[in-house]
Each structure stands twice: as structure tokens, then as C-alpha cells.
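# Remarks on the overall topology
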Amino acid sequence: MTLRLVEFVVAGNEASDLLPVRSAALLRAYGARRGFWTVLDEGPVERCLALLLERVDGEWTDLHVRADAGVENGRTEDGEALAHHDGWVYVFGSHFGSKAGPLRPRRAFVARFREDDAATGPVPVHVVRNSFRLHRAVNDALAASPFTLLPAGERVRERFIVETLARGTAREKSWVSRLAPDDLPLNVEAAVFTPAGTVLLGLRFPVTDAGEPILVEVAGVPGMFTADPTWPRAVGAYVLTGVTPPGQLTGFRAITPTVDGGYAAVIGSIDALGKGSVLLDDHPGGGEVTSRHVRFRLPAGETGETGGKRRLVGEEVADLAPFHHVEGVAELDGRPFYVTDEDHRVALWVG
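Just so it is clear, the model here is predicted, and its values are computed rather than measured.

### Structural notes on the packing of aromatic side chains
Evaluated as defined, the whole model comprises ten aromatic pairs. With centroids separated by 4.9 Å and ring planes inclined at 55°, the aromatic side chains of Tyr90 and Phe193 adopt a geometry described as tilted. Highlighted residues: Tyr90 in strand E8 (residues 88-93) and Phe193 in strand E12 (residues 187-193), separated in sequence by 103 residues. The class for Tyr90 is buried, based on a relative accessible area of 0%. Judged by relative accessible area, which is 8%, Phe193 ranks as buried. With centroids separated by 5.5 Å and ring planes inclined at 25°, the aromatic side chains of Tyr263 and Phe296 adopt a geometry described as stacked. Placement of Tyr263 in strand E17 (residues 263-268) and of Phe296 in strand E18 (residues 292-296) is noted, with a sequence separation of 33 residues between them. For Tyr263, a relative accessible area of 4% corresponds to the buried category. Chaining the aromatic ring pairs together yields one cluster made of Phe36, Trp60 and Phe337. Against the face of Trp88 rests Arg112, its NZ or CZ located 3.8 Å from the ring centre. Sitting over the ring of Tyr238, Arg310 keeps its end group 5.6 Å from the ring centre.

Below, the structure written as C-alpha cells:
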């Protein structure tokens, strides 16, 4: 596959995920024929929203979007995944920690904003920090699944779980009741809403003992943002089979819906090389892995709510070697678009 590179410099930062703009008003406001949302991966969510826009003359431009999270300004970090639902753009935090741990409560958040609002001025962003409630729900769903998971490793368990529990206990944090010593740290890297209104969360970690990537289906995410909020619940877990080379460990990096009712995704390494990852110290085979563009479908009418099939057969669309760090994918007008995690720039690759 031949790809064309379009480079941007947006706040001197790298990009995570790629979400097509659906708002006609937003595109008109900037004279664009198409565009994508991305989220920058350093800083609080209200400072990390950006648009990549193709103007009607074919030129690309970027926009660092002004936003306001109100009382939650400055209280989040590490937005990783974007998803559309009912006119809203949702932003999911990684729910992970730094490369050496521990877990960070600031990363356990979901935010949303109205896409049309970006056409007229500063964007009001509603942030809900869940204090590890989603961590608890997903870990419980994984424990109840029929899959055998790759063990975390002793250093990972110590740095991410034991140390988080110790810090929370010392600071008398109520969220310590939502962590357990045998939990796995979660790294949420991808998200997409299903037609039923549930969310498929693509995990970069954990993976199965065969190194295959895992999806966890979560219901009730919009309920977090109501006047009388309720918390999401995990309703099932899936494993994507047939796309992980033997001997490798692959996690989800991005997910997007396709026009035929299926999903496209990028899978790749479970953590980045050369950045002091404790996860790779325990699982060195999970780093030297190139990215792949794949597709899959959920069985018709069968989601976690109804106990659907748990193993999804994936199909490879493209081997994206030598890229190790593809962070977002979109399919528009029969063409693939990718965004890669680059030092101090945003790199959009157009197929």
C-alpha cells in the first residue's frame, strides 16, 4: 500500500486516535470538505482536542480546539480513544499509568462534548472521573470470561496494582475498595459505540495467553453524564482471533465502524519500546510488533447483553510495517486514513 504523508504541528504534541467529523456545521465553519478529530496525549483533555481538516481546495490544515471542562479543568490526562454517539464526541482516558506505574486516577475518565459546538466557539466539555469504577467492572468481566489471560508479571503487578493500593490507602482514598491485589492493569486505547448503544473498549493490555487482543463491551456510558448519574457495567468480553502472528503479543490501538456494519481496527504492540516500560520488562515479546489494519464483525444480534459468541474472527486488511505506532484509523470513501504517534508532530497518512 502506498501512503501519502500530511504533517501537522499541533501544540508540539503527538496524536491519539482518528475520528471522522460528522457535523456539517463544523465543516462549513472552516470551509472543509472533510476532517478528523484527534486527541493529543499530553495534558488534560480540555487542552488536547484538535481537528485535522481538508479544505475544499484540497489543502490540509490543523486547529487546536479551545475547550472548557469547568471545575474539571486540569484534572485529567492521557486521553486515548474517541467515539461518536448521538451527536456527542466521547473521549476515553487510558485508565492506565505511566510506563513504570502506578495507575493514575486522572486517567480514569470519560468526557464528552457536542460536535456542533466546535463550530461556534470554546467547546464545553463534560468530564466524569470514575475513580476506578470502570477498572473494577472490566476486571470483573475479564475474570468471568472463558479466556485465559496473559499474567501481568511480578513487576507489573507490584508497580501498577500493589503500589496503587499502597498510595491510595496512605492517602485514605475511597477508590482503594475498587482495586484488588490480583487485578490486571487496563490500558484502554480504542472505543466505538455499537448500534445498541453499548461501547466496545479495545484494550492494549491485557491480552490473552496466546497474545490475542481483547474487547470488553460496556453498557450505560451515557448514563454517567445525566443529572442523576449511573455507572457503566461490563456486559461481555471478546477475543479477536486470526490476526496475531504466532509468538507475538498484540493489543488494540484503534477501532472505527465501517459502512457495512462491521468494524475496522489497528492492532499492534502492547507498549512502546525504549521508554522504560515495566510491561515490556515482564513481556519483552510485546514490543517489537508492527501495526496491522484488520476488520471484524460482531455476530448479528449477539452482543454481551445476550451472551453472544466470544471469539471474533478477524481479517487482515493491510500489514502496516514498518510502523510500530499507528494510533488511529478511519475508512472514508473507500480510502484508509491513519494517524501515527510521532515525536512533537501529528502525522496523517492517506491511502
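### With respect to the sheet that holds E12
The strand order across the open sheet formed by five strands is E12-E13-E14-E15-E19, and the pairing between neighbours is mixed. Because the sheet does not close on itself, it has two edges, and the strands there are E12 and strand E19 (311-313). Within this sheet the neighbouring strands show an average axis-to-axis angle of 30°, counted without direction. Pairing of strand E14 (residues 214-219) with strand E15 (residues 233-241), which is carried by six bridges, proceeds in the antiparallel orientation. From the neighbouring strand, Glu217 faces E15, where its bridge partner is Gly236. Taken strand by strand, helix H2 (residues 133-144) contacts strand E13 (199-205), E14 and E15, and its axis lies near 120° from that of E14.

### Topic: the nonpolar core
Among the nonpolar cores identified, the biggest contains 47 residues, and Tyr90, Phe92, Val138, Leu142, Leu201, Val216 and Val221 are the most heavily contacted of them. Membership of the second largest hydrophobic core comes to 41 residues, among which are Phe8, Leu27, Phe36 and Val89.

### A closer look at the sheet that holds strand E16 (residues 251-257)
The antiparallel open sheet is built from four strands, whose spatial order is E16-E17-E18-E20. The sheet terminates laterally at E16 and strand E20 (315-319), the two strands that pair on one side only. Put simply, the sheet's adjacent strands are angled 25° from each other on average, direction ignored. Across four bridges, E18 lies against E20 in antiparallel orientation. By the bridge assignment, His293 is partnered in E20 with Ala318.

### Overview of unusual backbone geometry
The peptide bond linking Phe205 to Pro206 adopts the cis configuration, its omega dihedral lying at 5°. Its place among the elements puts Pro206 in the loop between E13 and E14. The omega angle of the peptide bond from Ala321 to Pro322 is 15°, so this bond is cis rather than trans. Along the chain, Pro322 falls in the loop between E20 and strand E21 (326-332). Look at Asp86: it is not a glycine, yet its phi comes out positive at around 55°. Along the polypeptide, Asp86 turns up in the loop between strand E7 (79-85) and E8. Its relative accessible area of 60% is what places Asp86 among the exposed residues. Within the chain, Phe132 stands out as a residue other than glycine whose phi angle is a positive 70°. With respect to the secondary-structure elements, Phe132 resides in the loop between strand E11 (126-129) and H2.

Rules of the game
Residues numbered from 1 in each chain as written. Predicted model: local features only at pLDDT ≥ 70, side-chain atom pairs only at ≥ 80, totals over all residues. Heavy atoms only, no water. Phe/Tyr/Trp six-rings, centres within 6.5 Å; stacked < 30°, edge-to-face > 60°. Helix = DSSP H or I, 4+ residues; strand = E, 2+ residues; numbered from the N terminus. Buried < 20%, exposed > 50% of the residue type's maximum accessible area, 1.4 Å probe, protein only. Lys NZ or Arg CZ within 6 Å of the ring centre and 35° of its normal. Pairing = 2+ DSSP bridges. Axes fitted to C-alpha atoms, helices over the stretch in contact; angles between N-to-C directions. Contact = heavy atoms within 4.5 Å. Core = buried A, V, L, I, M, F, W, Y, C linked by side-chain atoms within 4.5 Å.

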